[in-house]
Amino acid sequence: MSKTAKNSINDCVIKLATVNGTGSASANALLTKTILRLGIPVTGKNFFPSNIQGLPTWYEIRISKDGYDARSGQVDIMVAMNAQTYAQDRDEVSPGGYLLYDSTWPRDNVLSRNDITLLGIPLARMCNEVFAGARECVLMKNMAYVGALAALLDIDMKAIEEVVQERFGKKEELIASNLRAIRLGHDFAVENFQCPLPVRTRPMDKAADLMMIDGNTAAALGCVYAGAAFAAWYPITPSTSLMDAFAKFCGKYRTDPDTGKNRFCIVQAEDELAAIGMALGASWNGVRAFSATSGPGISLMSELLGFAYYAEVPVVLFDVQRVGPSTGLPTRTQQGDLLACAYASHGDTRHVLLFPANPTECFYLAVKAFDLAERLQTPVIVVSDLDIGMNDWTCPKLAWHEDYRPDRGKILSVEELEDLETFYRYHDKDGDGICYRTYPGVHPKGAYFARGSGHNEYGAYTEDPAEYQKLLDRLRQKWETAAGLVPEPIIKRKRGATSGVIALGSSDCAVTEMLDKLDEPMDYMRIRGFPFDARVEKFIDSHERVFVVEQNRDAQLKSLLTLELNVNKRKLISILHYDGFPITPDHVLDGINEVGDMPEEGSAA
Amino acid sequence: MSYITKPRLSYSGRKRNKLGLAMRDYEGGMSTLCAGCGHDSITAALIQAFFELNIPPERVVKLSGIGCSSKTPAYFLNASHGINAVHGRMPALATGANAANRDLYYIGVSGDGDSLSIGLGQFGHAIRRNLNMLYIIENNGVYGLTKGQFSASADKGSKAKTGEINAQPPIDPVLMALSLGGAFVARSFSGDKQQLVPLIKAGLMHQGFALLDVISPCVTFNDHDGSTKSYVYTREHFHETIHTDFVLAADEITVEYDEGEVVPVDLHDGSHILLRKVAPDYEPKDRGNAISYIQHHQEKGEIVTGLLYLDEQAGDLHTTSNTIDQPLNELSYDKLCPGADALEEIFEAYR
Ligand SMILES: Cc1ncc(C[n+]2csc(CCOP(=O)(O)OP(=O)(O)O)c2C)c(N)n1
Ligand code: SF4
Ligand SMILES: [Mg+2]
């Protein structure tokens, strides 16, 4: 059980327990959006089942004046709308917290906690009295709890009204009924409870330049801005919304005004084998192309990813990680694909990985991924996860430099080919391991036959051992070039720190918050790219011990570090989290404290 | 596989096409297939077809999967880009490549193993999408490159070189294409260049997915007595329904024919396909009829060949995707980036 809910302003967690498919998502979005508009940093995390209708689902809103994004692990106000999970939801409320429930039906038998405050509102009855249809009543119940929360949290009703009006635009009737439901809840709370609660909000000015966006939407925007014009995919949670967003933005910004035709092509493939194949075909033919998937898709794409590594075909792939395999927890988050992505495929294969930690980075690293893929002529996998991809984060406004131009890498133009005596596709003219490529259709001199392992530097077929080895060595050299091009790690140092902590991706927000709470000074390095930048090894070398925080059982990041770097493995202490929910700051803190209590190695115990 | 050095395929003469190119300009590297392999004859037919169509080699993209058949794109059109992908996944690469540049000619060469076993899904979906390409299956009833195992196209009762009898019914790519809505469905024989070359031309110029299933005997593993994909068996059971002639846009139709005997079909670029009935009871514009005709003759052990079904009107992947006429890979960045103002607009929508 987490800490006691306190008297606090702009620092609390509201958890909404509802039933999947009952329209609670829009009520929850309304609430979060309003809080953001009031200048208060806020995040929303979904904990949802693999189901369309009927199973329990939760939405956790964290209001944090300090701008913390992590799952805090505490629940100050639980809105228990789902009778099925009522007992569980009641038990989850932090001592001193509040439980808001629908008192239309008696629940005395289960209201057995005296360290929390119960707030019963007859939501169903109130709505049934006012609204007609069954579906409308269900939807309006959600709006009514938003109204009640507004009163309890001291949220300005005008701000809510504004968001409702924006949302429904010209649909006057809908605006009226929604506002009426909100008002019902609000007035009931004001009349029956001591409003506002000690746990409440107060307008701030910290969110004027913040937007609320999920990582998949931001990544899709990145693809649009990078100039990607082809995408192929096969539906899979939690990556589907990335492609949905890409299609939406392309529809809006990529339709040719004169003809109404598309300046893009999206193919829903028959499976992930085909999806990655299509993206490779398009990219090989000169279009920026990508695919998005999750762990199961990575497994299926592996053979072609290896092919692309050897044939040196650029492609961008988003892996929005989830728990796998098969059924069970596909709608939960994990960092379980690190090794699978790093070494996807057979033979001597390795891939460039980028690790965004939040939607902002999903946007910028998506653009970077295309530049790197084409510069390095190899697959680049952007490794995100469900927490980043599908949850609502508040992020600084995304900015765009109009002078950005895509780095298309080494491509020979018609003129260059014309001047060239002979073109050799895999000849390393510049000595950086990266060769020149050509597009089909440009010049007969540019022709080459792309193959997997069997080609020499001239692009001709070979089974010669020496030529094969030469190819592999050059690819290795290219890999070293890549280490200098991937985004550098972000290192935050504290005076006097002898220990360090390493994390990547969505663990960042938990680690950052934990460090603020930690008494001991500790340096922090967040890794953003693979191959590892030289600074990664230096960071480990320069600390007595280094905690490696990650969200999987097998310490995959730690494995990668020890496989790829010449570091002392004993220094690396794993803090692992793998229950499917996002890691919390307390989990990291507990991990550090646990080790802190342990006797030093070699000392007598 | 044999390692006997063979003379490089060479084509007589100094004849040049309308681009001023010689047949040699359409050739590729030396074949490393077994002497007598049906696949080499198809390569030769391809070279002739491209030469006669006056297609600039650099405007062609060759794609293949894995197998002896899939090696052949290295043996024609040296001046074309090619991609030798992984086993059974050529259709996916072709889809992406075609999406990126709709203006090039796409030819995929596959085998019966590559297309009807490991790649059956991709093959079917490429038909469904009506991808604009010529898709050739060099069909020998076995996995040549892995040394003669039965493939999914082996007929029931067909005998392997080891003596094993195939117990399972075949997957027929032609029937499959017909039932999946294929708009150009043809079958031919590597040993019949007269039939094959015009079919290749027609398939290349057809707007959409053109399936050309070519019986192409594997001399090393499947050319013996008891095989239903041998040279002898195929010649004996060959049943041509429709003979196809191809006439370039610039040329006049000079063939003389009686009304009703030959059906001319106009292609999008102004060229024509002339369909001459060999089997009087065959109707190439009727899908249901084609299916039952083929099945009926198959039951009698006959191999029905020719341009078995043709629909010039079905829209291809670009039609259904509503993509812009200009190739996507030619769009400049300013046509793709919405710019900083749009991002401002998006920011407003996300707060
Ligand atoms: C994933 C994978 N599995 C198996 C193989 C081995 N393999 C190579 S070629 C081939 C069969 C090719 O048969 P077919 O397509 O009929 O071509 P043919 O050699 O008969 O022309 C197989 C199974 C492979 N290359 N890749
Ligand atoms: S298909 Fe048969 S004949 Fe042709 S190269 Fe392969 S093994 Fe030889
Ligand atoms: Mg075969």
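Residues numbered from 1 in each chain as written. Chains lettered and ligands numbered in written order. Predicted model: local features only at pLDDT ≥ 70, side-chain atom pairs only at ≥ 80, totals over all residues. Heavy atoms only, no water.

1. Here's the deal with the coordination of the magnesium ion (ligand 3)
Residues and elements named next belong to chain B. Taken together, Asp112 (OD), Asn140 (OD1) and Val142 (O) make up the protein donors of the magnesium ion (ligand 3), found 2.1 to 2.2 Å from the metal. Counting residues between consecutive donors of the magnesium ion (ligand 3) along the chain gives the motif D-x27-N-x1-V. Here Asn140 and Val142 have matching classes, each one buried. (Donors = N, O, S within 2.8 Å, 3.2 Å for Na, K, Ca; no water. Buried < 20%, exposed > 50% of the residue type's maximum accessible area, 1.4 Å probe, protein only.)

2. Focus: the packing of aromatic side chains
For the structure shown, the criterion picks out 26 aromatic pairs over all chains. A centroid spacing of 6.3 Å and a plane angle of 85 degrees characterise the contact between Tyr426 of chain A and Tyr448 of chain A, whose relative ring orientation is edge-to-face. In this pair, Tyr426 of chain A is assigned in the loop between α14 (414–419) and β17 (449–450) and Tyr448 of chain A in the loop between α14 and β17, connecting sequence segments 22 residues apart. Take Tyr426 of chain A and Tyr448 of chain A: they sit in the same class, and that class is buried. The ring of Phe347 of chain B is capped by Lys397 of chain A, whose NZ or CZ atom sits 4.6 Å from the centre of that ring. (Phe/Tyr/Trp six-rings, centres within 6.5 Å; stacked < 30°, edge-to-face > 60°. Helix = DSSP H or I, 4+ residues; strand = E, 2+ residues; numbered from the N terminus. Lys NZ or Arg CZ within 6 Å of the ring centre and 35° of its normal.)

3. With respect to a negative patch on the surface
A surface patch of like charges, here negative, comprises Glu415, Glu416, Glu418 and Asp419 of chain A. One can find Glu415 of chain A in helix α14. (Patch = residues over 30% accessible without salt bridge, like charges linked within 9 Å, V, L, I, M, F, W, Y side chains within 5 Å. Areas by Shrake-Rupley, 256 points an atom, 1.4 Å probe, with all protein chains shown as cover. Salt bridge = Lys/Arg side-chain N within 4 Å of Asp/Glu carboxyl O. Lys, Arg positive; Asp, Glu negative; His and termini not counted. Charge placed at Lys NZ, Arg CZ, Asp CG, Glu CD.)

4. Some remarks on the nonpolar core
Residues and elements named next belong to chain A. In terms of nonpolar packing, the biggest core is built from 217 residues, with Phe290 and Leu561 touching the most fellow members. The element contributing the most residues to this core is helix α12 (residues 359–376), with 10 residues. Apart from the residues within four sequence positions on either side, Leu561 is in contact with Ile502, Ile527, Phe532, Val536, Ile540, Val548, Val567 and Leu572. Core analysis: the next-biggest nonpolar cluster, separate from the first, contains 56 residues, Ile121, Val146, Leu149 and Ile182 among them. (Core = buried A, V, L, I, M, F, W, Y, C linked by side-chain atoms within 4.5 Å. Contact = heavy atoms within 4.5 Å.)

5. Considering the interface of chain B and chain A
Between chain B and chain A, the contact holds 57 residues from the first and 72 residues from the second. Summed over both sides, the interface between chain B and chain A buries roughly 5,400 Å², with carbon and sulfur atoms accounting for 63% of that surface. Contact with chain A buries area across many residues of chain B, yet His81, Tyr350 and Arg351 of chain B alone supply 16% of it, more than any other trio. There are 4 salt bridges connecting chain B and chain A. (Buried area = accessible area lost by both parts, 1.4 Å probe.)

6. A short note on the site of ligand 1
Cys68, Ser69, Asp112, Gly113 and Asp114 of chain B are the nearest of the 18 residues found near ligand 1. One chain alone does not account for the residues near ligand 1; they come from chains A and B. Take Asn140 of chain B: an N or O atom from its side chain is 3.1 Å from an oxygen atom of ligand 1. Coverage of ligand 1 by the protein chains reaches 77% of its 590 Å² of free accessible surface. For the shell around ligand 1, the leading source of residues is helix α4 (residues 112–116) of chain B, giving 3 residues. Counted by class, the shell around ligand 1 contains 6 nonpolar, 9 polar and 3 charged residues. (Near = heavy atom within 4 Å. Polar contact = N/O pair within 3.5 Å; in protein donor to acceptor, adjacent residues only side chain to side chain. Nonpolar A, V, L, I, M, F, W, Y, C, P; charged D, E, K, R; others polar.)

7. Things to note about the environment of Gly459 of chain A
Along the chain, the position of Gly459 of chain A falls in the loop between β17 and α15 (465–483). According to the relative accessible area criterion, Gly459 of chain A is buried, its value standing at 10%.

8. Brief notes about the pairing of strand β3 (residues 105–111) of chain B
All names here are of chain B. Among the 7 residues in β3, 6 count as buried, and that is most of the element. Both strand β1 (residues 60–64) and β3 contribute to a ladder of 5 bridges, which runs parallel. Bridging across to β3, Ser64 finds its partner in Val109. Of the strand pairs in this sheet, β3 and strand β4 (residues 133–139) are connected by 5 bridges, and their pairing is parallel. Residue pairing in the sheet places Ile107 in a bridge with Leu134 of β4. (Pairing = 2+ DSSP bridges.)

9. Observations concerning empty space enclosed by the protein
All names here are of chain B. For the structure shown, the criterion picks out 5 cavities of 30 Å³ or more. Here the largest cavity defines a volume of roughly 100 Å³. If you trace the largest cavity, you find 12 residues lining it, with Cys34, Cys37, Cys68, Cys218 and Thr220 closest to the centre. For the lining of the largest cavity, the class distribution of residues is 8 nonpolar, 4 polar and no charged. (1 Å grid on protein atoms, 1.4 Å probe; cavity = no way out; pocket = protein on both sides within 12 Å on 5 of 7 lines; lining within 4 Å. Points joined across faces, edges and corners; volume = space filled by probe spheres on them.)

10. Here we look at the site of ligand 2
All names here are of chain B. Near ligand 2 the following residues occur: Leu33, Cys34, Cys37, His39, Cys68, Asn140, Cys218, Val219, Thr220 and Phe221. Placement of ligand 2 is best described as lying within the largest cavity. Class assignment of the residues belonging to the shell around ligand 2 gives a composition of 7 nonpolar, 3 polar and no charged. (Sits in = over half its atoms within 2 Å of the grid points.)

11. Describing the domain arrangement of chain A
Residues and elements named next belong to chain A. Structurally, chain A comprises domain 1 (8–207), domain 2 (213–396), domain 3 (414–483) and domain 4 (490–604). Relative to domain 4, the C-alpha centre of domain 1 lies at a distance of 36 Å. The partner domain 4 presents 12 residues to the 9 residues of domain 1 that form the contact. Interface area for domain 1 against domain 4, summed over the two sides, is near 790 Å², with a carbon-plus-sulfur share of 61%. It is Tyr68, Ala70 and Arg71 in domain 1 that bury the most area against domain 4; as a group they hold 63% of the surface buried on that side. Applying the counting criterion to the domain 1 and domain 4 interface returns 1 salt bridge. Two residues, Arg62 and Glu513, come together in a salt bridge whose shortest N-O distance is 2.7 Å. (Domains from an automatic or database assignment.)

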